[in-house]
Amino acid sequence: MKQTKWIVGLLLVFMLALTACGEKKETSGTASGNATANAETNVEASENSEAQQAQQETRTVKYLDKEYTLPAKTERIVITGAVEAMEDSIVLDVKPVGAITFSGEFPELFQSITTDAESVGEKTEPNFETILALKPDVILGSTKFKPEVMEQLSKIAPTIPYSHVSTDWESNLQLLGELSGKQEQAKQTIEKYKADLETAKSQLSDTVKGGKVIALRIRAGELYIYPEKVFFNPVLYEELGFTVPAEVKAAKAQELVSKEKFAEMNPDYLFLQFSPDENKDTPNALEEFQNDPIIKNISAVKNGKLFVNVVDPLAQGGTAYSKIEFLKAAVSQLTK
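Caption draft 1: The arrangement of the overall build of the protein in detail. Summing up its helical and strand segments, the protein has 14 helices and 14 strands in all. Each of the 336 residues in the protein was classed as buried or not, and the buried ones make up 42%. The contacts in the protein between residues at least 6 apart in sequence include a share of 60% that link residues at least 24 apart. Carbon and sulfur atoms make up 50% of the accessible area of the protein, which amounts to about 18400 Å² in all.

Caption draft 2: Up close: the pattern of salt bridges. Scanning all chains against the criterion turns up twelve salt bridges. Put simply, Asp196 and Lys192 hold a salt bridge, and the shortest N to O gap is 2.9 Å. Residue Asp196 and its partner Lys192 are both found in helix α6 (residues 183–203); the two are separated by four residues, about one turn of the helix. Residue classification places Asp196 among the partly exposed residues on the basis of a relative accessible area of 34%.

Caption draft 3: Expanded view of helix α14 (residues 320–334). With 15 residues, α14 extends 21 Å from end C-alpha to end C-alpha; this agrees with the ideal 21 Å at 1.5 Å per step. Turning to α14, its buried residues number three or more, namely Ala320, Tyr321, Ser322, Lys323, Phe326, Leu327, Ala329, Ala330, Val331 and Leu334.

Caption draft 4: Looking closely at the environment of Gly181. Position of Gly181 relative to the elements: it lies in the loop between α5 (169–180) and α6. Between the alpha carbons of Gly181 and Thr74 there is a distance of 8.8 Å; along the sequence they are 107 residues apart.

Caption draft 5: How the structure looks around the sheet that holds strand β13 (residues 269–274). Taken in spatial order, the five strands line up as β12-β11-β10-β13-β14 in an open sheet, and their pairing is mixed. Only two strands of the sheet have a single partner each, and these edge strands are β12 (255–257) and β14 (306–308). Each neighbouring strand pair of the sheet contributes to a mean axis angle of 35°, computed without reference to strand direction. Pairing analysis gives three bridges linking strand β10 (residues 213–219) to strand β11 (residues 222–225), with the strands arranged antiparallel. From the neighbouring strand, Ile218 faces β11, where its bridge partner is Leu223. Each of β13 and β14 is contacted by α14, which is oriented at about 135° to β13, the strand it contacts most.

Caption draft 6: Fine view of the nonpolar core. Leu140, Phe262 and Phe289 are the most contacted members of the largest nonpolar core, which has 82 residues in total. No other element matches α14, which puts eight residues into this core. Apart from the residues lying within four places of it in its own chain, the contact partners of Phe289 are Leu216, Ile218, Leu223, Phe262, Leu270, Leu272 and Ile295. Counting eleven residues, the second-largest nonpolar core is a separate cluster that includes Ile131, Ile139, Met150 and Ala157.

Caption draft 7: Spotlight on the packing of helix α2 (residues 83–92) against α14. One can describe the packing of α2 onto α14 by two numbers: an axis separation of 7 Å at closest approach and a directional angle of 65°. The pairing of α2 with α14 is recorded here as roughly perpendicular in orientation. On α14, the residues touching Glu87, Asp88, Ile90 and Val91 of α2 are Ala320, Tyr321 and Ser322. Of the residues that constitute the contact of α2 with α14, the class distribution is four nonpolar, one polar and two charged.

Caption draft 8: Spatial organisation of the side chain of Ser299. Tracing the backbone shows Ser299 in helix α13 (residues 299–302). With near-sequence residues (within four places) excluded, Ser299 lies in contact with Asn266, Pro267 and Asp268.

Caption draft 9: Summary view of the packing of α6 against α14. At a closest axis distance of 11 Å, the pairing of α6 and α14 adopts a crossing angle of 15°. What the angle tells us is that α6 and α14 run roughly parallel. Two packed elements cross with a definite hand, and for α6 against α14 that hand is left-handed. Facing α6, whose interface residues are Thr189, Tyr193, Asp196, Leu197, Ala200 and Gln203, α14 presents Lys323, Ile324, Leu327 and Val331. Of the residues that constitute the contact of α6 with α14, the class distribution is six nonpolar, two polar and two charged.

Caption draft 10: Just the packing of aromatic side chains, in detail. Under the criterion given, the structure shown has eight aromatic pairs. Ring centres of Phe102 and Phe110 lie 5.9 Å apart, and the angle between their planes is 20°; this geometry places the pair in the stacked category. When sorted by exposure, Phe102 lands in the same class as Phe110, which is buried. With a centroid separation of 4.7 Å and an interplanar angle of 35°, the aromatic rings of Tyr226 and Phe231 are classed as tilted. For the pair Tyr226 and Phe231, one class covers both residues: buried.

Caption draft 11: The arrangement of α6 in detail. An ideal rise of 1.5 Å per residue puts 30 Å on 21 residues; α6 measures up with 31 Å between its terminal C-alpha atoms. Those residues of α6 that sit buried are Ala186, Thr189, Ile190, Tyr193, Leu197 and Ala200. Down the axis of α6, the sector holding all buried residues measures 95°, keeping them to one side. Exposed residues pointing more than 90 degrees away from the buried face of α6 are listed as Lys192 and Ser202. Looking at the buried positions of α6, the neighbouring elements they touch are α2, α5, α8 (233–239) and α14.

Basis of the calculations
- Along every chain, residues carry numbers that run from 1 in the direction the sequence is written.
- Where local features are concerned, this predicted model is filtered to residues with pLDDT of at least 70; where side-chain atom pairs are given and counted, the filter is 80 or more; whole-chain, interface and lining totals use all residues.
- For the side-chain quantities, the full set of heavy atoms in the structure was used; hydrogens and water were omitted.
- Secondary structure elements are taken from DSSP: a helix is a run of H or I of four residues or more, a strand is a run of E of two residues or more, and numbering for both begins at the N terminus.
- Here the term buried applies to any residue with accessible area under 20% of the maximum for its type, exposed to any over 50%, and partly exposed to those in between, with areas from a 1.4 Å probe on protein chains only.
- Any pair of residues with heavy atoms lying within 4.5 Å of one another is described as a contacting pair.
- The Shrake-Rupley method, run with a 1.4 Å probe sphere, supplies the accessible areas, and residue values consider only the shown protein chains as cover.
- For this analysis, a salt bridge means a side-chain nitrogen from Lys or Arg found within 4 Å of a carboxyl oxygen belonging to Asp or Glu.
- Residue count minus one, scaled by 1.5 Å, sets the expected span of a helix.
- Between any two strands, pairing holds if DSSP finds at least two bridges.
- Fitted lines through C-alpha atoms give the axes, limited to the stretch in contact for helices. The angle between two N-to-C directions lies from 0 to 180 degrees.
- We define the nonpolar core as a collection of buried residues of types Ala, Val, Leu, Ile, Met, Phe, Trp, Tyr and Cys that are connected through side-chain atoms lying within 4.5 Å of one another.
- The scheme is simple: roughly parallel for angles under 35 degrees, roughly antiparallel for over 145, roughly perpendicular for 65 to 115, oblique for anything else.
- Charged means Asp, Glu, Lys or Arg here, nonpolar means Ala, Val, Leu, Ile, Met, Phe, Trp, Tyr, Cys or Pro, and polar covers whatever is left, Gly included.
- Two helices that cross are described as forming a left-handed crossing if the nearer one is turned anticlockwise from the farther one by less than a right angle, and a right-handed crossing if clockwise.
- Think of it this way: a Phe, Tyr or Trp ring, Trp meaning its six-membered ring, pairs with another when their centres are within 6.5 Å, and the plane angle makes it stacked under 30 degrees, edge-to-face over 60, tilted otherwise.
- Within this analysis, the arc is defined by the directions that extend from the helix axis to the C-beta atoms.

Remember, this is a structural readout, not a statement about activity or role.
See the structure below:
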């Protein structure tokens, strides 16, 4: 009997030991699981915190005497309205995520920068919904935009009005260089242009410089001249040193002139820009201009000094791209 009690007691002790061991393991397993879960939560929280911090980091950019607060990184650039920014993008090889289309397409001039871009509307008709969907870091609008358009864009992302004024070309290129991280390339481009300009001035003889030169544009079948600091005029007059014609000096903005009035101006050298996109209702305007008896009597036309589209007709004239290309073309034509 005593032996039986002893065996039963031993079994009870053994069972209690097993139960305690099981509880210990369960507790240990639970603690380990909690520790793992806590670690994963901490990692996720850390990642979220870093992402939020990256979103919150900003920098201040100064452009044309104004300051703009932008994200620390401006990798997603949208260009709307500012063809000048499109041209500068060619020079610095900046590829915006959204860009301007012309009649629903990206022209050949901008093919190199728009391979992966999405259309954000025409020059004067930004598509706000598309711009919003692109989640831009910064939007480059135009100084030609109305205040209400700029306000709407600013609600989507920080927006900078990109200047359309020719004399701001250096500031424009430097701004795009800063936004894209290509400040040094922008600096070198400006320096090279100025060096090329000095070379060009030495190549032009005093005889050529003494002639009357005009840059003309045909739009909607009409003839337009520009003030001396607009279009390609700064290159011709301020930089290359040609005398500013009285009619150009008197112009306050893009100015319509009749063919009779233009014939009276009688330039010795004529740079004419004609874009089919700007003459959809008058596709034969260039041919009619060249064949007009009045125009044929102009010195530049009679002497073979009429130069048509020496650069792409969509070129704005007052950008780094326009100036670089026009300078090369103008010197090439004038020194033949």
